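Here are the chains, one letter per residue:
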Amino acid sequence: MLKFTKDHEWIRIDGDVGTVGITPFAQEKLGDLVFVELPSVGAKFDQGASACTVESVKAAADVYAPVGGEVTEVNNRVVDEPGVVNASPTGDGWLFKIKVRNAAELDGLMDEQAYGLLVK
Amino acid sequence: MAQRDAAPALRHTPLHAMHVRLGARMVPFAGYDMPVQYRDGIIKEHLHTRAAAGLFDVSHMGQIALHPRSGRGEDAALALETLVPGDIVGLASGRQRYTLFTNAAGGALDDLMVSRQGDHLVLVVNAACKEADETHLREHLSSACRIERLADRALVALQGPQAEAVLAAIAPEVRAFRFMEARTITLSGAACLVSRSGYTGEDGFEISIPAGSAEALCDALLGDRTVAPIGLGARDTLRLEAGLCLYGADLNPATTPMEAALEWTIAPARRTGGLRAGGFPGADVILRQLAHGAARRRVGLRPEGRAPVRGGAPLFRHEDDAAPIGAVTSGGFGVSLDAPIAMGYLPVDAVAPGTRVFAEVRGRRLPVVVSQLPFVAPRYKRH
């Protein structure tokens, strides 16, 4: 199940690890991505901290950690092919995985319905 | 993504409904609601323009006619020469030239295209400057010229290697136009001022057309499958690759022609010792810089990495220097080069191609290399 932030990230929880990316709405708004800078494996972030950067032809955007925790894996494919984020923002275009420090932080995120209303 | 409240109402070009119909994403630009991209997106639109032909709506730009009160075209040209360093008197009817409005300090108030059309001149100026430019013209030239705002006209650009074939299919005479030729011909039943020029580095045309005929012309052009509509996003990446200045970014009231590497716009006739030397605002500063050089200069910049370096980024001589020596004025992604590119200003001792300097991006110093402009060779039809 996906959870969403007001800043247009998604997180998919599997056990105590969440996979993070930007939403279809965010990729649509940014347009064609040309650069992705991922966090380092082992980097630790608080909830809402800037974790990495995505840049389209037009603009740069921060990607914020949907929950606090430690980065366990990054998707290097999107560094070589930023367009994968546009083509498949919630699939092959995921950005990083984070080990969730405090599961209670997930409660503050939106479900698909609530996020759908936000971006309507 | 915060909502801005109480934004002033945006103006529409005569082609606004067409943009919406074509699925454009509209954004505010210079007070207008303009298409930043259509359904294909900026990368495909950019590549399509370089490979085939792209159609741009630039109707937000200002179109102004200068009619000499004497009826003699040369009097309009002499009058305009009091505001620009270009050779306007020497501009033959049917020819167009790029020039600058300068201020007393030698800075650029705007950059513009001027064409001579028989007894009058037609100016195309930047959207964000057009009211100020018109005021400037009225203040200084009203005694010599009647200044007519051509408000009820659209302006579209057809750019790319297929532009000639596409436009010639409905107006064969355009094949004979050379680069910077500007003449009135009939398109879609309307008298249009067509020039062989543009803002992409490609061959192509800019077409001034009565507002009421603009959509019919665009429909006819888009009916050719080689033509795609192109938004302002790709317009910016195309002009950056072509090394062309964006007013407000690469040019402003504090940048002189010499600093901006636009000394070629200062005509021989207007230089020291020329037939009509000086006589434009800031001539003392500009002609002194022409003789002795300026302290800084606009250059091309190629980041060594993949990260785009954008306008505003400070530039440093060494990676750990405290004080910047210049700044990036335009930067982004060169789609045809598949690499980030930028332009900026550096001291003249750091402008040799190959010089390595550092741009600060998100608190880090990224190496960038001074590069020849343009980044992509132009394909103008100069013969």
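Rules and cut-offs
Residues numbered from 1 in each chain as written. Chains lettered and ligands numbered in written order. Predicted model: local features only at pLDDT ≥ 70, side-chain atom pairs only at ≥ 80, totals over all residues. Helix = DSSP H or I, 4+ residues; strand = E, 2+ residues; numbered from the N terminus. Rg over C-alpha atoms; globule rule 2.2 N^0.38 Å. Buried ≥ 20, exposed ≤ 12 C-beta atoms within 10 Å, placed from the backbone. Contact = placed C-beta atoms within 7 Å. Pairing = 2+ DSSP bridges. Arc of directions from axis to C-beta.

Would you mind showing me how to read the overall build of chain A here?
The number of helices and strands found in chain A is 4 helices and 9 strands. Taking 14 Å as the expected radius of gyration for a compact globule of 120 residues, we find that chain A reaches 13 Å, a close match to that expectation. Along the longest, intermediate and shortest principal axes, the C-alpha atoms of chain A span 35 × 35 × 20 Å. Every one of the 120 residues in chain A was classed for burial, and the buried ones make up 43%.

Explain the interface of chain B and chain A to me, please; I cannot follow it from the model alone.
Much of the literature gives interface size as the accessible area that the parts lose upon coming together. With 12 residues of chain B at the contact, the number on the chain A side is 9 residues. Those elements that provide at least two residues to the side of chain B that touches chain A are helix 2 (42-51), helix 7 (232-241) and strand 16 (326-334) of chain B.

Teacher, can you tell me more about unusual backbone geometry here?
Among all residues save glycine, negative phi is the norm, and among peptide bonds the norm is trans. Residues and elements named next belong to chain B. The omega torsion of the bond from Leu 373 to Pro 374 falls at -5°, within 30 degrees of zero and hence cis. Structurally, Pro 374 can be placed in the segment after strand 19 (364-371). At Ala 261, a residue that is not glycine, the phi angle is positive and equals roughly 60°. Secondary-structure assignment places Ala 261 in the loop between helix 7 and helix 8 (283-292). Given 19 C-beta atoms within a 10 Å radius, Ala 261 is considered partly exposed. You will see that Arg 362, though not glycine, has its phi angle at about 50°, which is positive. Note that Arg 362 resides in the loop between strand 18 (356-361) and strand 19.

What exactly am I supposed to notice about the pairing of strand 12 (residues 204-210) of chain B here?
If a strand is regular, its side chains alternate between the two faces of the sheet. All names here are of chain B. Of all the 7 residues making up strand 12, 6 are buried; the element is thus mostly covered by neighbouring parts of the structure. Two strands pair when backbone bridges link them, and strand 9 (residues 153-159) and strand 12 are joined in this way by 7 bridges, in the antiparallel orientation. Residue pairing in the sheet places Arg 153 in a bridge with Pro 210 of strand 12. Bridge count between strand 11 (residues 190-195) and strand 12: 3 bridges; the pairing is antiparallel.

Looking at this structure, I do not really get helix 7 of chain B. What am I missing?
Because the α-helix completes a turn every 3.6 residues, residues three or four places apart line up on one side. Residues and elements named next belong to chain B. Summarising burial for helix 7: 9 of the 10 residues are buried, a large majority. Burial in helix 7 covers these residues: Leu 232, Gly 233, Ala 234, Arg 235, Asp 236, Thr 237, Leu 238, Leu 240 and Glu 241. Immediately beyond the C-terminal end of helix 7, within one or two residues, lies Gly 243, with a positive phi of roughly 70°.

How should the environment of Leu 80 of chain B be read in this particular structure?
Residue and element names in this part refer to chain B. Relative to the elements of secondary structure, Leu 80 occurs in helix 3 (residues 73-80). Considered as a pair, Leu 80 and Phe 101 are 21 residues apart in the sequence and their alpha carbons are 9.4 Å apart. Beyond its immediate chain neighbours, meaning those up to four positions away, Leu 80 contacts Leu 66, Ile 88, Val 114 and Leu 121.

Help me out: how do you make sense of helix 5 (residues 163-170) of chain B in this one?
All names here are of chain B. Buried within helix 5 we find Ala 163, Val 166 and Leu 167. Down the axis, helix 5 shows its buried residues gathered within 90° of arc, on one side only. Tucked inside the fold, the buried residues of helix 5 contact strand 3 (53-57), strand 9, strand 12, helix 6 (211-222) and strand 13 (227-229).

Please clarify how the pairing of strand 18 of chain B should be interpreted in this entry.
Residue and element names in this part refer to chain B. Bridge count for strand 15 (residues 314-316) against strand 18 is 2 bridges, and the pairing is antiparallel. Each bridged residue has a counterpart across the sheet, and for Leu 315 the counterpart in strand 18 is Ala 359. Pairing geometry for strand 18 and strand 19, over 6 bridges, is antiparallel. Of the residues in strand 19, the one forming a bridge with Arg 356 is Val 369. Counted along the chain from strand 18 to the antiparallel partner strand 19, the turn is 2 residues long, and its residue Arg 362 has a positive phi close to 50°.

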